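Residues per chain are reported as follows:
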Amino acid sequence: RFVDVYKIELGYNGMFRGFDDDERDDITDHGLSLIGLYQLSPMLAVLVGGDYGTIDRKAPFVDSKQYKAYGGFEYDETGQTTGRLKLGLVGRKFDSDTLDDPSDFYAEGVLESKYMERSSLTVRLFREYHDTSITEETAENGVYYMSTGVEGKLSHSVASLPNLSLLAHASFSKDTYPDDT
């Protein structure tokens, strides 16, 4: 019974980006996530979780850490339509005494529907922080920005060519810098 009611997800996301022209722009990004789910009914589960991430840059750029804490729910209608909504707080801690450490409302939602055997539609809503490439001297231009938006993806596998898929992707986001609010 324990296995049918509880689920724990542990995730890792990493990015290593290097540039040949100027290695000062190199970025290393690591993120961990932990989510616990409790099944309320066959179609609905509540979730609670958190994320921790680090963004490391070469000097003179400022490194940062990100923290997220959220709750939400997961919906699964017999595998045809699934969705997950997370609402909570997100915060940033910069490795600099002169920069403010912001915190704000966090939201992420994903809805996926398989409406035909070979077709699916995915919609994602988001509100999340993004760092700018900053030094302590350029911080007045904006340390980070908050991106709020929606993106959608439509995919279809061609029946006569099973290794061929047609994809369509569209997104809209509004980026807000700290001084804009």
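Refer to the structure presented above.
Notes on the structure in this doc start here. (Residues numbered from 1 in each chain as written. Predicted model: local features only at pLDDT ≥ 70, side-chain atom pairs only at ≥ 80, totals over all residues. Heavy atoms only, no water.)

### Digging into the pattern of salt bridges
Taken as a whole and judged by the stated rule, the model has 12 salt bridges. The closest approach of N and O atoms between Lys 93 and Asp 101, which form a salt bridge, is 3.6 Å. According to the relative accessible area criterion, Asp 101 is partly exposed, its value standing at 39%. By sharing partners, the salt bridges in this structure join Lys 86, Glu 108, Arg 124, Glu 128 and Glu 151 into a single network. (Salt bridge = Lys/Arg side-chain N within 4 Å of Asp/Glu carboxyl O. Buried < 20%, exposed > 50% of the residue type's maximum accessible area, 1.4 Å probe, protein only.)

### Quick word on the environment of Tyr 145
Considering the arrangement of structural elements, one finds Tyr 145 in strand β8 (residues 144–157). Put simply, Tyr 145 and Glu 128 are 17 residues apart on the chain and 8.4 Å apart in space, counted from C-alpha to C-alpha. (Helix = DSSP H or I, 4+ residues; strand = E, 2+ residues; numbered from the N terminus.)

### Some details on the sheet that holds β8
Across a sheet, strands are paired by hydrogen bonds formed along the backbone, either parallel or antiparallel in direction. Across the sheet, 9 strands lie side by side as β1-β2-β3-β4-β5-β6-β7-β8-β9; this open sheet has antiparallel pairing. The sheet is open, and its two edges are formed by β1 (6–17) and β9 (165–176), each paired on a single side. Geometrically, the sheet is characterised by an average inter-axis angle of 15 degrees between neighbouring strands, direction not taken into account. Summarising the sheet, strand β5 (residues 81–94) and strand β6 (residues 103–116) pair through 11 bridges and their orientation is antiparallel. Residue pairing in the sheet places Gly 83 in a bridge with Leu 111 of β6. (Pairing = 2+ DSSP bridges. Axes fitted to C-alpha atoms, helices over the stretch in contact; angles between N-to-C directions.)

### Details of the packing of aromatic side chains
By convention here, two paired aromatic rings are described through the distance between centres and the angle between planes. Enumeration over the complete set of coordinates arrives at 3 aromatic pairs. Judged by centre distance (5.1 Å) and plane angle (55 degrees), the rings of Tyr 6 and Tyr 38 are tilted. In this pair, Tyr 6 is assigned in strand β1 and Tyr 38 in strand β2 (residues 27–39), connecting sequence segments 32 residues apart. The exposure class assigned to Tyr 38 is partly exposed, which follows from its relative accessible area of 35%. (Phe/Tyr/Trp six-rings, centres within 6.5 Å; stacked < 30°, edge-to-face > 60°.)

### Some remarks on the pairing of β5
Note: strand β4 (residues 64–77) against β5, 14 bridges, orientation antiparallel. Bridge pairing in β5 links Tyr 70 to Gly 88. Where β4 hands over to β5, the hairpin turn is made up of 3 residues, of which Thr 78 adopts a positive phi near 50 degrees.

### A few points about the nonpolar core
Of all hydrophobic cores here, the largest spans 13 residues; its most connected members are Ile 35, Leu 37, Leu 47, Tyr 70, Val 90, Phe 94 and Tyr 129. For this core, the secondary structure elements donating two or more residues are β2, β3 (44–57), β5 and β8. Other than its neighbours up to four places away in sequence, Leu 47 contacts Ile 35, Gly 36, Leu 37, Tyr 70, Gly 71, Gly 72, Phe 73, Glu 74, Arg 84, Leu 85 and Lys 86. (Core = buried A, V, L, I, M, F, W, Y, C linked by side-chain atoms within 4.5 Å. Contact = heavy atoms within 4.5 Å.)

### Here we look at the pairing of β6
Examined bridge by bridge, β6 and strand β7 (residues 119–131) share 8 bridges and lie antiparallel to one another. If you follow Glu 108 over to β7, its bridge partner there is Phe 126. Hairpin connection of β6 to β7: 2 residues between the antiparallel strands.

### Structural notes on the environment of Pro 178
Along the chain, the position of Pro 178 falls in the segment after β9. When its relative accessible area of 28% is taken as the criterion, Pro 178 is described as partly exposed. It is 9.1 Å that separates the C-alpha atoms of Pro 178 and Pro 102, two residues lying 76 residues apart in sequence.

The values reported here are purely geometric and, on their own, carry no functional implication.
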